[in-house]
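# Observations on the model geometry
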Amino acid sequence: MMKSLFEISKNELEKHLSKNKKIDIAIIHLTFEGIQTYGGGVCSVIRGHIEALKVLKNKLKVYGIEITPYFCEIAYAGDHERRDIAYEKYAKSIIEEMGGEIIYLTNFSRGYLPKASWGVGDLGGIENWKTAGASGASAALNITKKHQAGVIYCHDSLYSFAPIYIALQSDAYDADALSILVLHSTALTHELPLPNPERLMAESAAIHWAKISPKVKLGYISKFIRNHIIKDYGASIKNMVPVGNGINPQNEIFRQRSPEEIKIKLKEYNIPVDRELFVTWGRAVEYKRYDVNLKAAARLKNEIHPVVVITPKYPELETLAKKLGINVSFVYKFDPELIASLCQWEKSVAVGILSKFEPCGLIPMEMRMYSRNTGALLIVSDTGGLFEQVNDGVDGFVSKQDDDKDVAKVIKRILNLPDEEKTKIRKNGFVKVLKYYTWTSQILITLSSVFSSLRNIFNRVKKEIINDLRDSFLL
């Protein structure tokens, strides 16, 4: 019997493969959004992995590696405000086609995310995290038991306890399981000045458990998050693996739309088509700093029209717009076609993602894909993980955090750029995405980190896919 796939030597592995024996790995995600509901960064990660795993399954099979995807998500009520029945049906068909399954988990609610009185309300409290974590751990261990090994992505604070449960119980289940706690944010990045003490405790428990158990790893989505959990939570870099963030460039959503098609979509939401636009989108939370977008627009008077696409409703922003005396297009709905159209529209000047201490952010990657030929240029703030993705003036722009005067200055600079310079910046951003920020690359980097004996195969496949992408986009 072969020992743990996470510990096997390269020689033992080659001997195994030479006998025409396959490597059988389950890829498991514990999540709270993405399958049944739309909206939020974790949703984008889940949907990105689903598409990327289709590509990777076929590529890795050539090398004798069989991967099977599973997605375990808390069950949602049918009337949930972000319910996405069409996508759930699509995801089910794709995942089952790959031999995997969607599994529905329990949490401490009647089909919603319970509201907490402290911190990020949607995450609920410690009883919810224990319930969801135990439910997810049980599902993940039962899945892993059917395979040679299981890599379990535990997404965010809701599943902080799952890696501990899995590490403690894996021998009892006879499951070769490794958990990765993926912290998309923490209490100390999103809840200051007064973080939820329960969330601090839950995050810390898993972070320090990684020092105790080799079956627990910490996944960092950016250098900022890596450094943050080392400095502020006492994590050890020896127990950390990169999980990154990315997009699927060949997803249909990134297709180029005609000007006529874009106009129809913008008019659907009463967004002016005769004005220069300054666009932003995301969740309606304070750290996203949408107020800075509005203040920067106000400084430029009538030169640009701000568009803010967020959910849920954010009354404070409407009040601020009135106080500033500016017209703003507020859209309280996540419509992917609208986002794509706004990015590609010839009169969109910039997409401003001005969050404070944003851990990583998918929006810079997405908007560069959308606007690779026409449309907006990218502006990010200089804190957190956003500016890691930007070379100022080369493939986007970096502004000073919470400085609306500086943001207005950057927008003015973009307005005055010659068309050929804008085209060059768009192309540079697009090429950067293809090289560094695709989900196929990110997944392979993670797998290379946890399966050292398979690293050469994963790196080879990563190069193959990057070359395929370059060919498909004629680069």
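Please refer to the structure higher up on the page.
Calculation rules
Residues numbered from 1 in each chain as written. Predicted model: local features only at pLDDT ≥ 70, side-chain atom pairs only at ≥ 80, totals over all residues. Heavy atoms only, no water. Axes fitted to C-alpha atoms, helices over the stretch in contact; angles between N-to-C directions. Helix = DSSP H or I, 4+ residues; strand = E, 2+ residues; numbered from the N terminus. Parallel < 35°, antiparallel > 145°, perpendicular 65-115°, else oblique. Left-handed = near helix turned anticlockwise from the far one by under 90°. Contact = heavy atoms within 4.5 Å. Nonpolar A, V, L, I, M, F, W, Y, C, P; charged D, E, K, R; others polar. Buried < 20%, exposed > 50% of the residue type's maximum accessible area, 1.4 Å probe, protein only. Pairing = 2+ DSSP bridges. Right-handed = clockwise from strand over helix to strand, strands pointing away. Expected span 1.5 Å × (residues − 1). Polar contact = N/O pair within 3.5 Å; in protein donor to acceptor, adjacent residues only side chain to side chain. Core = buried A, V, L, I, M, F, W, Y, C linked by side-chain atoms within 4.5 Å.

Turning our attention to the packing of helix α10 (residues 290-299) against helix α11 (residues 315-324). Two elements in contact, α10 and α11, have axes whose closest approach is 10 Å; the angle formed by their N-to-C orientations is 15 degrees. One element, α10, and the other, α11, form an angle in the roughly parallel class. The two elements α10 and α11 cross, and the hand of that crossing is right-handed. Across the interface between the two elements, Tyr-290, Asp-291, Leu-294, Lys-295 and Ala-298 from α10 touch Leu-317, Leu-320, Ala-321 and Leu-324 from α11. Residues belonging to the contact of α10 with α11 are distributed by class as follows: 7 nonpolar, no polar and 2 charged.

This part takes up the pairing of strand β11 (residues 348-353). The buried fraction of β11 amounts to 6 of the 6 residues, a majority that puts the element mostly inside the structure. Taken together, the 3 bridges between strand β8 (residues 277-283) and β11 define a ladder with parallel strand orientation. When the bridges of β11 are listed, Val-279 appears paired with Val-351. Between the parallel pair β11 and strand β12 (residues 377-381), the chain is carried across by helix α13 (residues 363-370), and the sense of this crossover is right-handed.

Once that is clear, we can look at the sheet that holds strand β7 (residues 240-242). Read across the sheet, 7 strands follow the order β3-β2-β1-β4-β5-β6-β7 without closing on themselves; strand pairing throughout is parallel. The open sheet is flanked by β3 (101-105) and β7, the only strands paired with a single partner. Each strand axis lies, on average, 25 degrees off the axis of its neighbour in the sheet, ignoring direction. Of the strand pairs in this sheet, strand β2 (residues 65-74) and β3 are connected by 5 bridges, and their pairing is parallel. For Cys-72, the partnering residue across the bridge sits in β3 and is Ile-103. Across the sheet, helix α3 (residues 85-97) touches β2 and β3, and the angle it forms with β3 is around 130 degrees. In the packing of helix α4 (residues 126-145) onto the sheet, contacts are made with β1 (23-31), β2, β3, β4 (149-155) and β5 (177-182), and the angle to β1 comes to roughly 165 degrees.

On to helix α14 (residues 404-415), then. Across its 12 residues, α14 extends 16 Å between first and last C-alpha, which sits within 8% of the 16 Å expected from 1.5 Å per residue. Taken together, the buried positions of α14 are Asp-404, Asp-406, Val-407, Ala-408, Val-410, Ile-411 and Ile-414. Where α14 is buried, its residues meet β8, α10, β11, β12, β13 (397-399) and α15 (419-436). Capping the start of α14 is the job of one residue whose side-chain oxygen sits 3.2 Å from the backbone nitrogen of Lys-405: Asp-403.

In this section: unusual backbone geometry. For the peptide bond that leads from Thr-311 to Pro-312, omega is -5 degrees, which places it in the cis range. Its location among the elements puts Pro-312 in the loop between β9 (305-311) and α11. Positive phi, normally seen in glycine, also occurs at Asp-402, with a value near 60 degrees. Following the sequence through the fold, Asp-402 ends up in the loop between β13 and α14. Judged by relative accessible area, which is 33%, Asp-402 ranks as partly exposed.

Glancing now at the nonpolar core. Counting residues in hydrophobic clusters, the biggest one holds 132 residues, and the most contacted among them are Ile-25, Val-151, Tyr-159, Trp-281 and Phe-451. Setting aside residues up to four positions removed in sequence, Phe-451 forms contacts with Leu-5, Phe-6, Ile-25, Val-151 and Phe-458. Counting residues in hydrophobic clusters, the runner-up holds 31 residues, among them Ala-298, Ile-310, Leu-320 and Val-349.

Let us now look at the packing of α15 against helix α17 (residues 455-472). α17 packs onto α15 with a crossing angle of 150 degrees between their chain directions and a minimal axis gap of 9 Å. Compared by their axis directions, α15 and α17 come out roughly antiparallel. Each of Val-431, Leu-434 and Lys-435 in α15 lies in contact with α17, whose residues at this interface are Ile-466, Leu-469 and Arg-470. Split by residue class, the contact of α15 with α17 holds 4 nonpolar, no polar and 2 charged.

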